[in-house]
Amino acid sequence: FELPPQPLQSSEVSEEQVILELQALGQVGYCLLTGTTKAENDEWPQADLFLNSFIKRLLRQEGAPFLSAEDAWRTLIDLPTVQPYLQTATDVTELIDGKQQRQIPRALLMGIGASVLALMGGLAWFLIPRDTDSAVAQAAPTCCLQEVGAVPAGTFTYTAIEGGLEQALLRRQNLGQVGQSLRSALRDAQPDLSLTYLPARSTEAAIAHIQSGQADFAILPLALTSELPLDIADEVIAYDGLAAFVAFSYAERAKGIPKALDGQLSLENLQAIYLGNIDSWRDVGGPWLPVQPYRLNRPEIAAVFEQQVLSPLDFSSEALIDIPELPTLEMLRTIIRDFETDGLGSVGFAPLSQILGQCSVYPLALQADGKKAVQPWVLRSGDAIEPTTDLCDRKGLYHPNIEAFQTGTYPLTYTLSVVYPQDNSRQPVGQKFAELLQTDEGQHLLNEAGLVPLRPLWQQRGQQKGGG
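The residue numbering used here restarts from 1 in each chain and proceeds along that chain's sequence as written. With pLDDT at 70 or above as the cut-off, local features in this predicted model cover only qualifying residues; side-chain atom pairs require 80 or more to be listed or tallied, and sums for whole chains, interfaces and linings still use all residues. Side-chain measures here rest on the full set of heavy atoms in the structure, leaving out hydrogens and waters.

Caption draft 1: Representation of the overall build of the protein in the model. Strands are runs of DSSP state E lasting at least two residues, helices are runs of H or I lasting at least four, and both sets are numbered from the N terminus onward. Scanning the protein from N- to C-terminus turns up 15 helices and 14 strands. In this analysis, two residues are considered to be in contact whenever any of their non-hydrogen atoms come within 4.5 Å of each other. Of the contacts formed within the protein by residues at least 6 apart in sequence, a portion of 72% connects residues at least 24 apart. Accessible surface for the protein amounts to roughly 22400 Å². Of this, 49% is attributable to carbon and sulfur atoms. Method for areas: the Shrake-Rupley scheme with a 1.4 Å probe, in which residue coverage is limited to the protein chains shown.

Caption draft 2: Looking closely at the pattern of salt bridges. Any Lys or Arg side-chain nitrogen located within 4 Å of an Asp or Glu carboxyl oxygen qualifies as a salt bridge. Applying the stated criterion to the full structure yields five salt bridges. A salt bridge links Glu 435 to Lys 432; the shortest N-O distance between them is 3.1 Å. Of the two residues, Glu 435 and Lys 432 are both situated in helix H14 (residues 429–437); the distance of three residues between them amounts to about one turn of the helix. To sort residues, take the accessible area from a 1.4 Å probe on protein chains only and compare it with the maximum for the residue type: under 20% means buried, over 50% means exposed, and anything in between is partly exposed. With relative accessibility at 30%, the residue Glu 435 sits in the partly exposed group. Taking the relative accessible area as the measure of exposure, Lys 432 reaches 8% and is therefore buried.

Caption draft 3: Layout of the pairing of strand S4 (residues 232–247). Burial within S4 is extensive, with 14 of its 16 residues counted as buried. Direction of pairing for S4 relative to strand S14 (residues 413–421): antiparallel, over a ladder of nine bridges. Considered in S14, the bridge of Ala 233 is made with Tyr 420. Across five bridges, S4 lies against strand S9 (residues 345–351) in antiparallel orientation. Paired with Ala 244 across the two strands is Phe 349, which belongs to S9. The criterion for strand pairing is that DSSP finds at least two bridges linking the strands in question.

Caption draft 4: Quick peek at unusual backbone geometry. Even without being a glycine, Ala 150 presents a positive backbone phi close to 60°. The backbone phi angle of Asp 262 is positive, close to 55°, even though this residue is not glycine.

Caption draft 5: Structural context of the state of the cysteines. Pairs of cysteine sulfur atoms within 2.5 Å are identified as disulfides in what follows. Applying the stated rule across the entire model yields two disulfides. Paired by a disulfide, Cys 143 and Cys 144 hold their sulfur atoms 2.4 Å apart. Taken individually, Cys 143 and Cys 144 each receive the classification buried, so the pair is uniform in this respect. Cysteine pairing in the protein follows 1-2, 3-4, where each cysteine in a disulfide is numbered by its order in the sequence.

Caption draft 6: Expanded view of the packing of aromatic side chains. Only the six-membered ring of Trp is used, alongside the rings of Phe and Tyr, when aromatic pairs are assigned; centres must lie within 6.5 Å, and planes under 30 degrees apart are stacked while those over 60 apart are edge-to-face, with the rest tilted. One pass over the full model with this rule turns up nine aromatic pairs. Where Tyr 158 meets Tyr 197, the ring centres are 5.4 Å apart and the plane angle is 45°; that geometry is what we call tilted. One end of the pair, Tyr 158, is in strand S1 (residues 154–161); the other, Tyr 197, is in strand S2 (residues 193–200), and 39 residues separate them in sequence. One aromatic cluster is present, formed by Tyr 158, Tyr 197, Phe 217 and Phe 433 through successive ring pairs.

Caption draft 7: Looking closely at the environment of Leu 270. Looking at the element boundaries, Leu 270 is found in helix H10 (residues 267–274). Sequence-wise, Leu 270 and Leu 366 are 96 residues apart; in three dimensions their C-alpha atoms are separated by 9.0 Å. Not counting residues within four places of it along the chain, the set of residues in contact with Leu 270 comprises Ala 244, Leu 265, Phe 305 and Val 309.

Caption draft 8: Region of interest: the packing of H10 against helix H11 (residues 299–310). For the pair H10 and H11, interaxial distance at closest approach is 10 Å and the crossing angle is 125°. The orientation of H10 relative to H11 falls into the category oblique. Facing H10, whose interface residues are Leu 270, Gln 271 and Tyr 274, H11 presents Phe 305, Val 309 and Leu 310. Grouping the constituent residues of the contact of H10 with H11 by class yields five nonpolar, one polar and no charged. Throughout, an axis means a line fitted to C-alpha atoms (over the contacting stretch in the case of helices), and angles, computed between N-to-C directions, take values from 0 to 180 degrees. The labels follow the angle: roughly parallel below 35 degrees, roughly antiparallel above 145, roughly perpendicular from 65 to 115, and oblique for the rest. Here the term charged refers only to Asp, Glu, Lys and Arg, the term nonpolar to Ala, Val, Leu, Ile, Met, Phe, Trp, Tyr, Cys and Pro, and the term polar to all other amino acids, Gly among them.

Caption draft 9: Spatial organisation of helix H15 (residues 440–448). Looking at H15, one finds that the buried residues are Asp 440, Glu 441, Gly 442, Gln 443, Leu 445 and Leu 446. Contacts from the buried residues of H15 go to helix H7 (182–189), S4 and H14. Taken from the residues just after H15, Gly 450 is the one with a positive phi, measuring 100°.

Caption draft 10: Quick look at the nonpolar core. By convention a nonpolar core is built from buried Ala, Val, Leu, Ile, Met, Phe, Trp, Tyr and Cys residues, the set being connected through side-chain atoms within 4.5 Å. Judged by nonpolar contacts, the single largest core of 61 residues is most densely connected at Phe 245, Tyr 274 and Trp 281. Elements with a minimum of two residues in this core: S4, H10, H11, helix H12 (328–342), S9, strand S10 (361–363), strand S12 (377–379) and helix H13 (402–406). Residues within four places of Tyr 274 in sequence aside, it is in contact with Pro 293, Tyr 294, Arg 295, Phe 305, Ala 319, Leu 320, Ile 323, Val 347, Gly 348 and Phe 349. Formed by 33 residues, the second largest nonpolar core is a distinct cluster that contains Leu 165, Leu 182, Leu 186 and Leu 437.

Caption draft 11: Structural context of the environment of Ala 350. With respect to the element layout, Ala 350 can be found in strand S9. When the C-alpha positions of Ala 350 and Leu 296 are compared, they lie 6.3 Å apart, and in sequence the two are 54 residues distant. In contact with Ala 350, other than residues within four places in its own chain, are Gly 241, Leu 242, Ala 243, Phe 245, Leu 296 and Thr 328.

Printed below as a string of structure tokens:
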């Protein structure tokens, strides 16, 4: 194909046109992969699951839809089966659960990858905005809530797990300015949008509410490895993570667990503690203190913990039945009391968003699979906090390690996501709600609520509405 002499301006391309062009590209990719049209055959070859998944996303059959041609392009060139075309040949079957699959000849797969790359290149030329030098420009995030267009008007229902942060998120006060909540900020910026809340007992119940039409979207914590039904999509709006923490008593800090452990713990040892295989901190290089684990009394967070910490092991939930369950605040008080009064080395877990700014417990840096231990909190200098850091004296001077959450290198990272139906017959309020919270202003408000933003706030441009 020939490229046009002058690129189209981004203002000439509508969102609907982008969607249609990407779906058309998916249809071409399917024909190249199978040799038939979608109408003739609905079978997918099993030789390249990665390319299958990419094409299904283009067709809006699976996963979150691509928001732009650039988004699709960058995903494509990172596919393990396109990488051989870009670099050197790699056996796809080694990357799919270690199982040998029936293979399409490598040359054919590389040819398909090359063809789709070429098509994507042409599509990107038309649809990706460029600067004056015709280079692909990094799209700047939308500044403010009121700048988001095409937000559906009317009253819509969202669901979230009862008693969780997600339920209270819209009502939390003093975000950005005194007396402001996320709900009031949204109401001021988008007065035609009204939201009502439907409680859910679990993640599964929330998804069922969406599928039944009782709710238009959900706000849910999802592990990075979470799999959603094929008719459900999600958009990440912020990150959070689980902290594994121990007492950080000022009076006994020199003799405390953080100092003895050099501020870190392996996931393997954390697993062993919660499965009852370690009775004393001495067994993992700590002081002579008995270990007492605690669990959080929030089922959806406990499920994230089990999925990310215990799922590699063959364990039964009954193994955890004797571990006391406590709400976050009570857990913090109990752990410090255990250490200072009862001589116990207690350990617990909770969302980092719920313990940021306190100094009675210390979140341990976590080490996964022999990798370097990662501390979730860093000082303004970028250096990780240490057992010698006075968290009480330095409140406000440390913050989450955003890069560690974005890349998933902090082992217990999970996302806060907007989950919505992949159904064109329903109003796209879920997608638009996510878009609102992905703006600079939305990210500032979520950060004020204790969550980890999608990008460093100091890289966000402009002054936020109502902010300083």
